Amino acid sequence: MIRVGLRCRTAGARCPRCGSWSGRVHGTYLRFPADLLVAGRRVVLRLRVRRFTCENVSCGRRTFVEQVAGLTRRHSQRTERMRSMLAEVGLALAGRAGTRLADVFGAGVSRNTVLRLVDALPEPQPQVPRVVGVDEYAMRRGRVYGTVLVDVETRRPVDLLSDREAGTVAAWLAEHPEIEVVCRDRAPFFAEGASIGAPTAVQVADRFHLWRNLSEAAERCVSRHRSYLRGIFAESVPEKPPAPAPAESGSPWLTGHRFADRTRAKHTAVHALLAVGHSRRSIQRQLGMTYRSVQLLAAAARPEDLFQGQ
């Protein structure tokens with residue numbers, strides 16, 4: 001373990017509410033923020049902080065605690081670099097997996113803590129898209145659908161709309177006149193919404209729906225001409241070669257076939273026990289077979305009778 005004692009040497013601090021400077025110390029206490037491992041060793045920070053009295057009489061805050069920039073924040077139990085590391089782990093792996101990876105870094109936290117750190121991150125400001133993709137998504141499959149809008153160039157979602165009506169899509173596009181290209185599927189409500197909301201934008205079909213529509217069109221074409229294809233195929237198929245003559249035993253299954261040999265052996269064993277007077281229940285126990293299998297084998301005069309349908 002590495003222990004580090006710290007204290008701030010500034011003469012005073014600014015009130016976080018009114019911004020006025022104060023050098024009047026009200027008291028001191030110790031903080032122990034957790035930090036990342038150093039050379040595989042746990043680091044314990046012993047930070048002595050001061051509580052100042054706000055000298056602005058109009059400020060509603062009587063006292064405040066100094067914060068070390070880049071190291072601490074109010075009510076935080078960890079240093080800023082540990083918070084940022086846990087937040088990055090949470091963004092990549094979410095709660096449970098992020099907790100397991102954080103243990104490797106020496107930061108024993110719960111999955112809820114990892115998720116809270118991710119939730120506390122500031123919302124990224126999305127760039128204004130130039131090429132937007134429009135498609136539907138299911139909030140309740142088969143009943144409730146919404147619209148998702150994606151920046152095609154960065155492949156990041158831009159916004160979610162509560163429904164897939166043409167008016168909703170048109171209103172959103174009207175608020176973003178900088179959009180130049182609308183990439184959509186062939187749904188009529190998306191086509192109408194794009195035409196009303198962004199009349200100057202170019203509408204294109206995305207690659208997935210283009211290939212899907214092409215395959216559906218090809219399938220319909222083949223279905224309409226199925227009768228012609230059947231006739232052409234019948235004319236072009238060569239005559240089948242004559243079937244090989246069955247074995248001397250009359251069985252179409254030649255000796256050496258795994259299924260046929262196993263069935264013949266079971267049939268011989270069952271009929272041999274029946275010939276000496278054993279019951280079918282007794283044969284079932286001796287051979288370790290099910291009663292139905294014994295019945296089928298006993299009822300068949302020849303093992304080849306059981307090969308039908310195989």
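A quick note: this is a predicted structure, and the numbers were derived from the prediction, not measured.

Draft legend 1. The arrangement of the side chain of arginine 83 in detail. Looking at the element boundaries, arginine 83 is found in helix α1 (residues 80-104). For arginine 83, which is buried and forms no salt bridge, the nearest opposite charge comes from glutamate 80, at a distance of 4.1 Å. In this structure, arginine 83 is in contact with Arg73, Ser76, Arg78, Leu117 and Ala120, ignoring residues within four places of it in sequence.

Draft legend 2. Geometry of the pairing of strand β7 (residues 131-140). Judged from the 4 bridges that link them, β7 and strand β10 (residues 181-184) form a sheet pairing that is parallel. Paired with valine 132 across the strands is valine 182, a residue of β10. Hairpin remark: β7 followed by strand β8 (residues 144-151), antiparallel, with 3 residues in the connecting loop; positive phi at glycine 142, about 85°.

Draft legend 3. Representation of the packing of aromatic side chains in the model. Enumeration over the complete set of coordinates arrives at 2 aromatic pairs. When the centroid spacing of 4.8 Å and the interplanar angle of 75° are considered together, the rings of phenylalanine 189 and phenylalanine 190 count as edge-to-face. Sitting over the face of the ring of tyrosine 291, arginine 281 holds its NZ or CZ atom 3.8 Å from the ring centroid.

Draft legend 4. Main features of the packing of α1 against helix α2 (residues 111-119). Two numbers describe how α1 lies on α2: the axes approach to 8 Å, and their chain directions differ by 130°. In terms of orientation, α1 and α2 fall into the oblique class. The element α1 and its partner α2 pack so that their crossing is left-handed. Of the residues in α2, those touching α1 at Arg83, Leu86, Ala87, Gly90, Leu91, Ala94, Gly95, Arg96 and Thr99 are Arg111, Val114, Leu115, Leu117 and Val118. Its residues assigned to classes, the contact of α1 with α2 shows 8 nonpolar, 3 polar and 3 charged.

Draft legend 5. Seen up close, the pattern of salt bridges. A complete count under the given rule lists 8 salt bridges for this structure. One salt bridge connects aspartate 35 with arginine 81, and the closest N-O pair in it is separated by 2.8 Å. Here aspartate 35 is found in the loop between β4 (25-31) and β5 (43-53), whereas its partner arginine 81 is found in helix α1, with 46 residues between them in sequence. For arginine 81, a relative accessible area of 42% corresponds to the partly exposed category. Its salt-bridge partner being arginine 130, residue glutamate 153 comes within 2.6 Å of it at the nearest N-O pair. Taken as a pair, glutamate 153 in the loop between β8 and β9 (156-161) and arginine 130 in the loop between α2 and β7 lie far apart in primary sequence, 23 residues in all. According to the relative accessible area criterion, arginine 130 is partly exposed, its value standing at 35%. What emerges from the salt-bridge pattern is a single network uniting Arg130, Glu153 and Glu180.

Draft legend 6. Representation of a nonpolar patch on the surface within the structure. Judged by side-chain polarity, Leu93, Leu101, Val104 and Phe105 come together as a nonpolar surface patch covering roughly 320 Å² of accessible area. Mapped onto the fold, leucine 93 is located in helix α1. Judged by relative accessible area, which is 39%, leucine 93 ranks as partly exposed.

Definitions and cut-offs
- Residues numbered from 1 in each chain as written.
- Predicted model: local features only at pLDDT ≥ 70, side-chain atom pairs only at ≥ 80, totals over all residues.
- Heavy atoms only, no water.
- Helix = DSSP H or I, 4+ residues; strand = E, 2+ residues; numbered from the N terminus.
- Buried < 20%, exposed > 50% of the residue type's maximum accessible area, 1.4 Å probe, protein only.
- Lys, Arg positive; Asp, Glu negative; His and termini not counted.
- Salt bridge = Lys/Arg side-chain N within 4 Å of Asp/Glu carboxyl O.
- Contact = heavy atoms within 4.5 Å.
- Pairing = 2+ DSSP bridges.
- Phe/Tyr/Trp six-rings, centres within 6.5 Å; stacked < 30°, edge-to-face > 60°.
- Lys NZ or Arg CZ within 6 Å of the ring centre and 35° of its normal.
- Axes fitted to C-alpha atoms, helices over the stretch in contact; angles between N-to-C directions.
- Parallel < 35°, antiparallel > 145°, perpendicular 65-115°, else oblique.
- Left-handed = near helix turned anticlockwise from the far one by under 90°.
- Nonpolar A, V, L, I, M, F, W, Y, C, P; charged D, E, K, R; others polar.
- Patch = residues over 30% accessible without salt bridge, like charges linked within 9 Å, V, L, I, M, F, W, Y side chains within 5 Å.
- Areas by Shrake-Rupley, 256 points an atom, 1.4 Å probe, with all protein chains shown as cover.

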